[in-house]
Amino acid sequence: MVEELDVVVVGAGLGGMYALHRFRGDGLRVVVFETGDDVGGTWYWNRYPGARCDVESVEYSYGFSEELEQEWEWTERYAGQPEILCYLQHVASRFDLYRDIRFETRVTEAVFDEAGARWRVRTDRGDDVSAQFLVMATGCLSSANLPNIDGIGDFRGLVLHTGRWPREEVDLSATRVGVVGTGSSAIQAIPVIAEVAADLTVFQRTASYTVPAWNRALTPEEVAEIKADYQGLRARNRAMPGALGSRWSFNDQSALEVTDEEREAEFEKRWAIGGFAFVGAFKDTSTDPKANFYAAEFVRRKIREIVHDPATAELLSPRHTISCKRICLDTNYYETFNRPNVHLVDISSTGIERVTATGIVAGATAYELDVIVFATGFDAMTGSLTRIDAKGRQGQSLKDAWAAGPVNYLGLSVPGFPNLFTLTGPGSPSVLANMFVANEQHVDWVADCMRYLRTKGFRTIEATEGAAEDWVAHVNEVAGRTLYPSCNSWYLGANIPGKTRVFMPLPGFPAYVERCDDVAARGYEGFVLAS
Ligand code: FAD
Ligand code: NAP
């Protein structure tokens with residue numbers, strides 16, 4: 001029998017969890033489907049050694065409940081994966097979310113029934129439900145990318161992906177480990193693995209910029225100070241680019257209008273604070289090539305200071321613009337390459353040729369390994385959405401609709417797919433913002449929209465083709481004013497062979513929120529509402 005619901009939410013990461021809480025609070029019948037066997041999303045799947053947030057814990061957390069933020073105690077400046085998962089499990093229990101989440105259940109198909117104006121959703125466990133609204137909380141970074149390398153199935157050792165790390169303890173001591181990739185995940189994992197493995201070989205295709213996190217325990221005094229005005233901190237953050245960092249603030253000066261000494265001093269100050277404070281050193285780091293060069297050169301100088309072997313330092317020095325790929329935060333990353341058991345292999349020109357039964361062949365050299373860790377990222381932003389067989393009006397599939405890149409309005413709504421919402425979808429600030437804030441803003445907007453439809457007697461809402469076309473042009477125009485699209489990044493889909501290259505997230509956090517609010521205030525301008 002088909003189960004009748006108001007809303008189906010796909011995914012029980014931090015977005016889907018808040019969606020359930022908010023929609024249920026509005027009196028809607030909601031069910032969440034989740035592939036994993038618990039809540040947490042990113043923090044459920046990414047259990048690799050060293051995994052932790054890169055937005056500070058006190059900011060990387062929900063702001064919707066004052067009681068929750070007062071009762072929860074973060075122990076570190078950047079919480080580790082176990083602590084964040086524990087927080088999300090606490091939230092699920094505290095707000096009684098578990099009873100409406102169906103775990104170990106993957107949504108495979110979603111078809112819009114035009115006559116009934118409802119979504120019919122099916123899962124790999126045989127669920128068959130009908131709902132007025134379908135909310136995709138499937139995550140921007142949840143579709144793990146395991147590269148299709150020759151011979152990968154022949155390896156006799158252990159193959160791991162950082163984004164699908166096993167729950168059981170993986171004993172890497174006394175092993176020869178190979179890590180493929182040097183993005184954020186690898187940069188967190190490598191220093192920790194290096195301490196236990198007998199030998200670690202890092203296969204680097206592109207060097208990354210990384211800034212020290214200077215992670216440390218939070219003192220009771222600073223926690224008390226934050227809690228004394230937590231909502232104030234949240235409000236200040238919501239007014240910041242990226243919805244974070246109001247405590248160290250962004251410098252409004254240009255890197256070009258200061259003396260060399262002043263510039264160096266500002267970079268040093270920000271390096272000492274650590275994390276994203278470095279990106280906020282000057283207002284034009286992400287827009288002006290010369291300003292960007294100064295920041296990049298500063299990091300390259302740091303690498304040369306830290307890494308003893310000049311050839312290794314040179315290889316570790318990125319050449320692309322800083323921030324065109326997401327900047328990484330680390331604990332002793334560059335220092336790790338001074339260890340005798342760590343070796344860096346440059347695969348920028350050869351790639352990995354093949355995997356054999358006993359290791360990896362790259363640059364015509366065979367590396368004998370017991371474990372291969374693929375830290376090779378995700379089919380970002382669209383991967384988890386297009387893996388679902390979603391069909392809108394006239395049976396059009398989302399995959400086909402997005403073959404030339406994601407087309408939607410506000411990053412939330414796709415023409416031809418009425419009553420379907422994509423939380424932190426491509427075309428919204430999403431991964432260029434603190435993702436708790438981005439998800440909360442989207443959920444609140446969608447909840448308000450559903451309430452509007454009900455009170456006004458509308459059954460469907462759908463973005464117009466024109467609004468979506470204009471929106472895609474807007475995202476490209478805003479991104480084009482920055483240096484973000486200037487290198488091969490997952491923001492552009494460049495990490496996935498054959499994926500259309502389109503810059504997907506929208507740089508510009510607070511302005512985007514105003515735009516969403518404006519659209520709603522004008523009776524959902526750019527949408528067609530039908531009864
Ligand atoms: P997710 O947490 O990805 O949850 C999506 C869920 O949907 C998953 O559990 C998945 O199993 C489920 N799902 C997908 N498809 C289906 C389907 N078809 N059927 C059923 N279930 C499905 N962002 C920050 O702002 N700050 C950080 O410090 C930060 N650190 C990060 C660290 C790592 C290692 C990674 C990978 C990402 C990080 N991010 C960070 C981005 C991070 O993804 C978000 O912050 C946030 O966790 C995303 O939450 P979400 O609910 O939107 O998606
Ligand atoms: P990523 O940034 O996409 O990095 C993947 C790495 O693997 C890159 O170095 C890439 O090289 C390499 N690679 C990919 N395919 C390869 C192949 N076929 N052969 C060899 N090398 C290959 O993925 P990620 O490190 O998992 O991070 C993804 C995002 O998740 C981050 O940008 C960030 O937003 C988030 N994250 C955050 C944190 C945090 O600090 N809190 C931690 C982890 C992840 P190229 O650069 O050449 O493509």
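These remarks concern the structure in this document. No experiment lies behind these values; they were computed from the predicted model shown.

A few words on the overall build of the chain. The secondary structure content of the chain amounts to 16 helices and 20 strands. In summary, the chain has a C-alpha radius of gyration of 23 Å against a globular reference of 24 Å for 531 residues, a match within 12%. Reported as C-alpha extents along the three principal axes, the dimensions of the chain are approximately 70 × 55 × 45 Å. For the chain, the proportion of contacts with a sequence separation of at least 24, taken over those separated by at least 6, is 72%. On the chain, roughly 21,200 Å² of surface is accessible, and the fraction owed to carbon and sulfur atoms is 49%.

Another aspect to go through is the sheet that holds strand S16 (residues 371-374). Judged by pairing direction, the sheet is parallel, and its five strands sit side by side in the order S7-S16-S8-S9-S12 without closing on themselves. Both outer strands of the open sheet, strand S7 (158-161) and strand S12 (342-346), are each paired with one neighbouring strand and no more. Here the average twist between neighbouring strands, direction ignored, is 20 degrees.

The next thing to look at is the nonpolar core. Across soluble globular proteins, nonpolar side chains have a tendency to be buried as a group. The biggest cluster of nonpolar side chains holds 140 residues, and the ones touching the most others in it are Phe-23, Tyr-62, Leu-410, Trp-445 and Phe-527. One finds Phe-112, Trp-119, Val-121 and Met-136 within the second-largest nonpolar core, a separate group that totals 23 residues.

Here the focus is the packing of aromatic side chains. Inspection of the entire model under this criterion finds 38 aromatic pairs. Judged by centre distance (5.1 Å) and plane angle (70 degrees), the ring pair of Tyr-62 and Phe-64 falls under edge-to-face. For Tyr-62, a relative accessible area of 1% gives the class buried. Three or more aromatic residues link up through ring pairs in this structure, and these residues are Tyr-18, Trp-43, Tyr-60, Tyr-62, Phe-64, Trp-72, Trp-74, Tyr-87, Phe-95 and Phe-436. Seen from the ring of Trp-45, Arg-164 lies directly overhead, with NZ or CZ sitting 4.1 Å from the centre.

Running from N to C, helix H1 (residues 14-25) and helix H14 (residues 435-456) cross one another at 35 degrees; their axes reach a closest spacing of 9 Å. When you trace H1 past H14, the crossing you get is right-handed. Taking contact as the criterion, the partners of Leu-14, Gly-15, Tyr-18, Ala-19, Arg-22 and Phe-23 in H1 are, on H14, Met-435, Phe-436, Asn-439, Glu-440, Val-443, Asp-444, Val-446, Ala-447, Asp-448, Met-450 and Arg-451. Within the contact of H1 with H14, the residues separate by chemical class into ten nonpolar, two polar and five charged.

With that settled, consider the site of ligand 1. As a matter of local geometry, ligand 1 sits amid 32 residues, with Glu-34, Thr-42, Asp-54, Tyr-60 and Val-107 nearest to it. One of the backbone nitrogen or oxygen atoms of Val-55 is found 3.3 Å away from an oxygen atom of ligand 1. Val-107 has a polar backbone atom sitting 2.9 Å from a nitrogen atom of ligand 1. About the coverage of ligand 1: the protein hides 94% of its 970 Å² of free accessible area. Of all the secondary-structure elements, those providing two or more residues to the shell around ligand 1 are H1, helix H2 (42-45) and H14. Looking at the shell around ligand 1, the element that brings in the most residues is H2, giving three residues. Considering only residue class, the shell around ligand 1 consists of 16 nonpolar, 13 polar and three charged.

The next point concerns the sheet that holds strand S15 (residues 365-368). Within the open sheet, the three strands sit side by side as S13-S14-S15. Their pairing is antiparallel. Each edge of the sheet is formed by a strand with only one pairing partner; in this case those strands are strand S13 (354-355) and S15. Two elements, S13 and strand S14 (residues 359-362), share two bridges in a ladder whose sense is antiparallel. Across the sheet, residue Arg-354 finds its bridge partner in S14, namely Val-361.

Once that is clear, we can look at the state of the cysteines. Covalently bonding the sulfur atom of one cysteine to the sulfur atom of another cysteine gives a disulfide. For the coordinates displayed, the defined rule picks out one disulfide. A sulfur-sulfur distance of 2.1 Å marks the disulfide that ties Cys-324 to Cys-487. The chirality of the disulfide connecting Cys-324 with Cys-487 is right-handed, given an S-S dihedral of about 110 degrees. With Cys-324 in the loop between helix H10 (310-316) and strand S11 (328-330) and Cys-487 in the loop between helix H15 (465-480) and helix H16 (509-521), this residue pair connects regions lying 163 residues apart in the sequence. Cys-86 provides the cysteine sulfur closest to Cys-53, a residue in no disulfide bond, and the two sulfurs are 14 Å apart.

Attention now goes to the side chain of Glu-83. Note that Glu-83 resides in helix H4 (residues 81-94). The buried charged residue Glu-83 lacks any salt bridge partner; its closest oppositely charged side chain belongs to Arg-52, at an N-O distance of 6.5 Å. Here the side chain of Glu-83 touches Thr-75 through a polar contact of 2.8 Å, side chain to side chain. Beyond its immediate chain neighbours, meaning those up to four positions away, Glu-83 contacts Trp-72, Glu-73, Trp-74, Thr-75 and Glu-76.

What counts and what doesn't
Residues numbered from 1 in each chain as written. Chains lettered and ligands numbered in written order. Predicted model: local features only at pLDDT ≥ 70, side-chain atom pairs only at ≥ 80, totals over all residues. Heavy atoms only, no water. Helix = DSSP H or I, 4+ residues; strand = E, 2+ residues; numbered from the N terminus. Rg over C-alpha atoms; globule rule 2.2 N^0.38 Å. Contact = heavy atoms within 4.5 Å. Areas by Shrake-Rupley, 256 points an atom, 1.4 Å probe, with all protein chains shown as cover. Pairing = 2+ DSSP bridges. Axes fitted to C-alpha atoms, helices over the stretch in contact; angles between N-to-C directions. Core = buried A, V, L, I, M, F, W, Y, C linked by side-chain atoms within 4.5 Å. Buried < 20%, exposed > 50% of the residue type's maximum accessible area, 1.4 Å probe, protein only. Phe/Tyr/Trp six-rings, centres within 6.5 Å; stacked < 30°, edge-to-face > 60°. Lys NZ or Arg CZ within 6 Å of the ring centre and 35° of its normal. Left-handed = near helix turned anticlockwise from the far one by under 90°. Nonpolar A, V, L, I, M, F, W, Y, C, P; charged D, E, K, R; others polar. Near = heavy atom within 4 Å. Polar contact = N/O pair within 3.5 Å; in protein donor to acceptor, adjacent residues only side chain to side chain. Disulfide = S-S within 2.5 Å. Lys, Arg positive; Asp, Glu negative; His and termini not counted. Salt bridge = Lys/Arg side-chain N within 4 Å of Asp/Glu carboxyl O.

Keep in mind these numbers describe shape, not what the thing actually does.
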